[in-house]
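An overview of the molecular structure
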Amino acid sequence: RKHPLEIPPPSEKDWLKEDEEDFFLQDPDRKLDALPQPFRMINKLVMLVFEDAMEIIERREMLREAQKLKVQPTKCFPTAEFQVTGRANCLAVSGKYVFVGLSVGLAAFKVPDCEEVCAWDAVKMEICAIHASDLGNEHHVLLAVDDMGLVWLFCFHKGGLLLVKILNEMEDISKRSTCVEVVLSPGGDYAGVLLQGNTKAWLEIYRLPKDSWLKEMEKNPGAAAGLTCRERRSSWTSEANIFLLQESPVSANKADAKLSLPVLLLKVKPPKPITGSSFKSPLDALKKADDGSMLGLGYDHLIKDSQWEQQEAIFRSTYREYLEAEGERESKEEIPRHATFHFLLPSRILQVEPEMKVQPDVPAGISVHWDGSHNLCLYLLNRPLKEKSDSDPKPDVVWPCAAPIACSAVSSCSRYLALACEDATITIWDKHLGYPLSVTAILEERLIRSIHFL
């Protein structure tokens with residue numbers, strides 16, 4: 001035979017009967033020990049539960065094996081731990097130093113060996129936010145905001161913190177303003193502080209005299225040795241890598257040197273609500289109009305209050321049913337109290353006068369947009385000294401948008417600007433070329449709260 005001998009399939013007459021099925025698999029001793037009802041049904045239910053459990057276990061094992069094949073994130077463990085006086089609220093890194101905002105002041109640590117360099121706790125204030133920038137030659141500038149909304153400007157050099165000025169300090173406490181947001185430009189050339197009073201808000205831009213600071217500190221190296229700094233000693237435990245910082249009873253020598261104060265460049269106020277004109281004739285309006293070198297915000301126009309009231313009446317009569325369905329509420333137009341601003345490097349949209357010297361790595365202007373505003377306002381930082389800093393300056397460039405601007409972001413190279421409006425539209429602008437690169441509309445009317453470049 002060419003093929004092996006096979007067992008032929010049984011014919012119909014050879015089929016087993018139900019009562020004889022699997023009789024050859026049963027143990028002769030247990031043939032009479034079969035489970036009666038309802039135990040057989042319970043046995044089937046238990047076996048069914050067991051099979052379902054095994055399927056779940058196999059499915060989870062397959063998922064676990066598939067998860068192992070994916071790229072796992074690297075787990076980082078702390079290499080050293082240190083204890084500080086009080087509670088650590090915030091920190092900032094500049095160069096090889098880490099500045100920590102504490103509940104009782106400031107502390108500076110060296111990155112390589114995690115050694116505390118100095119601490120500042122002269123007034124026992126709680127630091128809630130801190131920003132730092134490297135000025136070069138072991139000099140750093142710090143902006144700290146305490147729990148009372150005061151902005152403290154420090155200069156760090158050779159292991160010492162030197163208090164320069166409290167930017168929003170007022171003798172009359174009732175007139176004191178609180179800091180909402182603070183931004184330090186890369187390189188430490190400018191600082192922006194968004195302040196808020198009882199009824200109004202405004203933005204202040206300061207020029208930091210970092211070149212003067214470098215010269216003054218080099219002339220008097222002992223100034224930073226401890227005008228506002230206390231030395232501390234640390235004990236090192238090698239087993240747990242923990243710093244135990246203890247305050248030294250000996251304070252550092254005080255210095256009489258003072259640094260140059262920052263210069264207030266701009267004081268930007270939020271745009272006023274557009275109201276009826278007070279001009280009596282078109283000639284009066286033309287006298288107050290701009291010279292054509294900038295795009296205005298709509299303040300100098302010849303529209304009377306009666307025309308605004310007529311336009312409002314037409315709108316209400318046209319959309320009466322929609323206003324009634326949504327439960328119209330009387331609301332007065334309020335002045336915005338929060339703004340988002342960014343420092344911008346020189347570009348084509350920020351044209352500087354030829355006599356002004358511009359450095360490619362130093363900010364040349366700022367972009368500001370207030371809450372609920374359609375306009376992105378650009379201001380030049382290289383302004384003539386004849387302009388008063390406390391006056392309300394007009395923007396040098398205005399970019400109107402179709403909807404109120406919700407948030408914005410600037411790339412690290414300061415070339416690209418992203419604007420997200422309340423209609424869920426994101427526009428990416430190339431500031432060097434001066435035109436938009438892309439416009440993306442997010443469906444379903446999503447509200448964009450923040451946007452970032454990666």
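Parameters and conventions
- Residues numbered from 1 in each chain as written.
- Predicted model: local features only at pLDDT ≥ 70, side-chain atom pairs only at ≥ 80, totals over all residues.
- Heavy atoms only, no water.
- Pairing = 2+ DSSP bridges.
- Helix = DSSP H or I, 4+ residues; strand = E, 2+ residues; numbered from the N terminus.
- Axes fitted to C-alpha atoms, helices over the stretch in contact; angles between N-to-C directions.
- Contact = heavy atoms within 4.5 Å.
- Phe/Tyr/Trp six-rings, centres within 6.5 Å; stacked < 30°, edge-to-face > 60°.
- Lys NZ or Arg CZ within 6 Å of the ring centre and 35° of its normal.
- pLDDT = per-residue confidence, 0-100.

1. A look at the sheet that holds strand S8 (residues 151–157)
In spatial order, the strands read S6-S7-S8-S9; together these four strands make up an open sheet with antiparallel pairing. If you trace the sheet from one side to the other, it starts and ends with strand S6 (127–136) and strand S9 (160–166), each paired once. Averaged over all pairs of adjacent strands, the angle between their axes in this sheet comes to 25 degrees, without regard to strand direction. Strand direction decides the pairing type here: S6 and strand S7 (residues 139–146), joined by eight bridges, are antiparallel. Residue pairing in the sheet places Ile127 in a bridge with Asp146 of S7. The strands touched by helix H2 (residues 210–219) are S6, S7, S8 and S9; relative to S8, the strand with the most contacts, the crossing angle is about 50 degrees.

2. Quick notes on the packing of aromatic side chains
The final tally for this structure, using the stated rule, is eight aromatic pairs. Seen from the ring of Trp202, Lys267 lies directly overhead, with NZ or CZ sitting 5.2 Å from the centre.

3. Considering the sheet that holds strand S23 (residues 435–441)
Spatial strand order, S20-S21-S22-S23: four strands in an open sheet with antiparallel pairing. Edge strands, defined here as strands with exactly one partner in the open sheet, are strand S20 (405–410) and S23. The sheet shows a mean angle of 15 degrees between the axes of neighbouring strands, taken without regard to direction. As defined by bridge partners, strand S22 (residues 425–430) adjoins S23 across six bridges and the pair is classed as antiparallel. Looking at the pairing, Thr427 lines up with Val439 of S23.

4. Some words on the confidence of the model for the chain
Averaged over all residues, the pLDDT of the chain equals 76, while 71% of them reach at least 70. Low confidence marks residues 328–333, where pLDDT is under 50. Its contacts with residues over four positions away, or in another chain, come to four contacts.

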